[in-house]
Amino acid sequence: MSDGVTSKTTALHDLSATELLAGYYAKQFSPSEVIDDVIAQAQRWEPQLNALYACDPDGARAAAKQSTERWQKGEPQGVLDGVPVTIKENVATKGVPIPLGVPITAPTPATVDAPPAARLREAGAILWTKTTMPDFGMLSSGLSSFHGVTRNPWDTTQNTGGSSSGAGAAGAAGYGPLHLGTDIGGSVRLPANWCGLFALKPSLGRVPIDPPYVGRCAGPMTRTVDDSALMMSVLSLPDARDGMNLPPNDFAWHDLATDLRGKTIGLVTDLGFGMKLDDEVRAVVLNATRSFEAQGATVREVSLDFTREMMDGLDAFWRARMWDDVSKLSEAQRAQVLPYIVRWAERGATLSGVEVVRGFNQTMAVRAMAAKLFAEIDYLISPVAPVVSFPAELPSPLDDPDIPFDHILYTVPWNMSENPAASINGGYSSKGFPIGVQIVGRRFDDLGVLRMAKAFEDVRGAQQPWPVPPR
């Protein structure tokens, strides 16, 4: 690849969004050719992966034809005209029902696009399919009572992570370059980690979303940092439907150059509780810190001060919130939800109002922790998840609804504190499975996190080839 000219050996479905756009400008190929190749790649993989929901090949081809005609006239609609995009199931797209991963939701088509989908469509992107998610988005797993099991292209016996499970699988398998997920405790970063992608969980409010909620963000999942920055230039545009929408910004999302000299980077590997960190994960994270030091940054170990009391408080609050929904279901409906989810939610029925408030108040404690930490450092490096992988059929690595979140301890604080956080592939296990590294920035420093990730990506070295579908 050089000067925007694609190698004849590189399939269209493997090209980045920036490469596709360069190819459109150069008239090397058309959006119609690209969408045909992307759909064909998905058809090869889907029997093994099960990453898609509400796939619309005919609609995609029609949209691609219109985009092709615009490019032929030299009149692209926007910065993403003709680029294929997948959208997580729970982000509304007009005309498509939103089952939320369960078979009990009324199949009512959405009447309008949610803000992220609307911005992508306005920019000319081809929203060609939705992607799977687990029940109510409350698992970091590819297991769903509605969609079934979504599997990881790197090893189909292993989990994608979640809750943006289908997006993770689609990105790794080459279902186009751009994928949109959501994240309330790690749900774009965890599947990016286990699927070898880059993902950004933006600062709360940076990407408008509807419905908005405490800690809930929408973010890009891509193979390259540049592609996520390109998506953010579109996703971050304002939308009045989100009452937590940040003021419009003038970020130069395309400008990812940075000088790390003088930057102080904190390093966290052990939290003192939760799942034990796998040695292979630790090695990848430590190796990443050396690349930042080589570029002039100062790296020092810090204490995160995220505690068991904080995690248990958030767990209690989320159980009560989930029980509010589950309690309204009939027995027949409840029987169709994953038993793991029901059992986890049932404890919410036994919590007092005071206990739930105490749980929610841990959000404030996490914010205080983050503010104190980032008064002393510019960025933080940590694992994304403590384990290299876990089986595809499990709802969580520990498979225990009484200890549901001991694998998200590195990711969940930054949803509560509102800091931007990214996952970038840092290396591979001895068996060739991807392992991510988390980069966290100060609140609102989304561009800085992207620049840190780009600095790492530039010196990371050759990546292993992306998985190919079985013949």
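No experiment lies behind these values; they were computed from the predicted model shown.

What follows concerns the environment of Lys-27. In this fold, Lys-27 is placed in the loop between helix 1 (17–25) and helix 2 (31–49). Residue Lys-27 is classed as exposed on the basis of its relative accessible area of 57%. On a C-alpha basis, the gap between Lys-27 and Thr-68 in space is 10.0 Å, while along the polypeptide they are 41 residues apart. Excluding residues that lie within four positions of it along the chain, Lys-27 makes contacts with Trp-71 and Gln-72. A distance of 3.1 Å separates a polar atom in the side chain of Lys-27 from the backbone oxygen of Trp-71.

On to the pairing of strand 10 (residues 217–222). Along any regular strand the residues' side chains alternate between the sheet's two faces. Burial within strand 10 is extensive, with six of its six residues counted as buried. Along strand 10, one buried face is formed by Cys-217, Gly-219 and Met-221 and the opposite face, lined by Ala-218, Pro-220 and Thr-222, is buried too. By the bridge criterion, six bridges tie strand 8 (residues 178–183) to strand 10 in an arrangement that is antiparallel. Looking at strand 10, one finds that Leu-178 is bridged to Thr-222.

In this structure the tally under the stated criterion is 14 aromatic pairs. For the ring pair Phe-273 and Phe-306, a centre distance of 6.1 Å and an interplane angle of 40° mean the geometry is tilted. Placement of the pair is Phe-273 in the loop between strand 11 (264–267) and helix 8 (279–294) and Phe-306 in the loop between strand 12 (298–301) and helix 9 (308–326), with a sequence separation of 33 residues. Each residue in the set Tyr-24, Tyr-25, Phe-29 and Trp-71 is aromatic and connected to the rest through ring pairs, giving one cluster. The residue whose ring lies beneath Arg-223 is Trp-466, and the NZ or CZ to ring-centre distance is 4.1 Å. One Lys or Arg, Arg-321, reaches over the ring of Tyr-213 and ends 3.9 Å from the middle of that ring.

The subject of this paragraph is the confidence of the model for the protein. Low-confidence regions, as indicated by low pLDDT, have predicted coordinates that should not be scrutinised in detail. Looking at the protein as a whole, its pLDDT mean stands at 96, while 98% of the residues score no less than 70. Low pLDDT (under 50) marks residues 1–7, which in the prediction has 12 contacts with non-local residues, meaning those over four places away or in another chain.

The subject of this paragraph is helix 7 (residues 225–235). Burial runs high along helix 7: nine of the 11 residues are buried. Inspection of helix 7 places Val-225, Asp-227, Ser-228, Ala-229, Leu-230, Met-231, Met-232, Val-234 and Leu-235 among the buried residues, and these make up the whole buried set. Of the residues that open helix 7, the one with a side-chain oxygen 3.1 Å from the backbone nitrogen of Asp-227 is Thr-224.

Glancing now at the packing of helix 9 against helix 11 (residues 339–346). It is at 7 Å that the axes of helix 9 and helix 11 come closest, and there the two elements cross at 110°. In terms of orientation, helix 9 and helix 11 fall into the roughly perpendicular class. Between helix 9 and helix 11 lies a crossing whose hand is left-handed. Contact with helix 9, carried on its side by Asp-315, Trp-318, Arg-319, Met-322, Trp-323 and Val-326, involves Arg-343, Trp-344, Ala-345 and Glu-346 of helix 11 and no other residues of that element. Residue classes in the contact of helix 9 with helix 11 are distributed as six nonpolar, no polar and four charged.

Residue position: Glu-122 is located in helix 4 (residues 115–122). Sequence-wise, Glu-122 and Val-79 are 43 residues apart; in three dimensions their C-alpha atoms are separated by 9.4 Å.

What follows deals with the side chain of Ser-423. Here Ser-423 shows up in strand 14 (residues 421–428). For Ser-423, a relative accessible area of 0% corresponds to the buried category. A polar side-chain atom of Ser-423 sits 3.5 Å from the main-chain carbonyl oxygen of Arg-189. When residues no more than four places from it in sequence are discounted, the contact partners of Ser-423 are Arg-189, Ala-192, Asn-193, Leu-197, Phe-198, Ala-199, Val-384, Gly-436 and Val-437.

Counting 145 residues, the largest nonpolar core has Leu-120, Trp-128, Tyr-175, Phe-292, Phe-306, Trp-318 and Leu-380 as its most contacted members. The greatest single-element share of this core, amounting to 10 residues, is contributed by helix 9.

A cis amide bond, omega 10°, links Gly-162 with the succeeding residue Ser-163. Mapped onto the fold, Ser-163 is located in the loop between strand 7 (155–159) and helix 5 (165–173). At the junction of Asp-210 and Pro-211, the peptide bond is cis and its omega measures out at 5° in the coordinates. Inspection of the secondary structure assignment puts Pro-211 in the loop between strand 9 (198–201) and strand 10. Look at Ala-54: it is not a glycine, yet its phi comes out positive at around 55°. Mapped onto the elements, Ala-54 comes out in the loop between strand 1 (52–53) and helix 3 (57–73). Given a relative accessible area of 36%, Ala-54 falls into the partly exposed group. Residues other than glycine seldom take positive phi values, yet Asp-399 does so here, at roughly 50°. Counting through the fold element by element, Asp-399 comes out in the loop between strand 13 (379–383) and helix 13 (412–417). Classification of Asp-399 as partly exposed rests on a relative accessible area of 40%.

What counts, and where the lines are drawn
Residues numbered from 1 in each chain as written. Predicted model: local features only at pLDDT ≥ 70, side-chain atom pairs only at ≥ 80, totals over all residues. Heavy atoms only, no water. Helix = DSSP H or I, 4+ residues; strand = E, 2+ residues; numbered from the N terminus. Buried < 20%, exposed > 50% of the residue type's maximum accessible area, 1.4 Å probe, protein only. Contact = heavy atoms within 4.5 Å. Polar contact = N/O pair within 3.5 Å; in protein donor to acceptor, adjacent residues only side chain to side chain. Pairing = 2+ DSSP bridges. Phe/Tyr/Trp six-rings, centres within 6.5 Å; stacked < 30°, edge-to-face > 60°. Lys NZ or Arg CZ within 6 Å of the ring centre and 35° of its normal. pLDDT = per-residue confidence, 0-100. Axes fitted to C-alpha atoms, helices over the stretch in contact; angles between N-to-C directions. Parallel < 35°, antiparallel > 145°, perpendicular 65-115°, else oblique. Left-handed = near helix turned anticlockwise from the far one by under 90°. Nonpolar A, V, L, I, M, F, W, Y, C, P; charged D, E, K, R; others polar. Core = buried A, V, L, I, M, F, W, Y, C linked by side-chain atoms within 4.5 Å.

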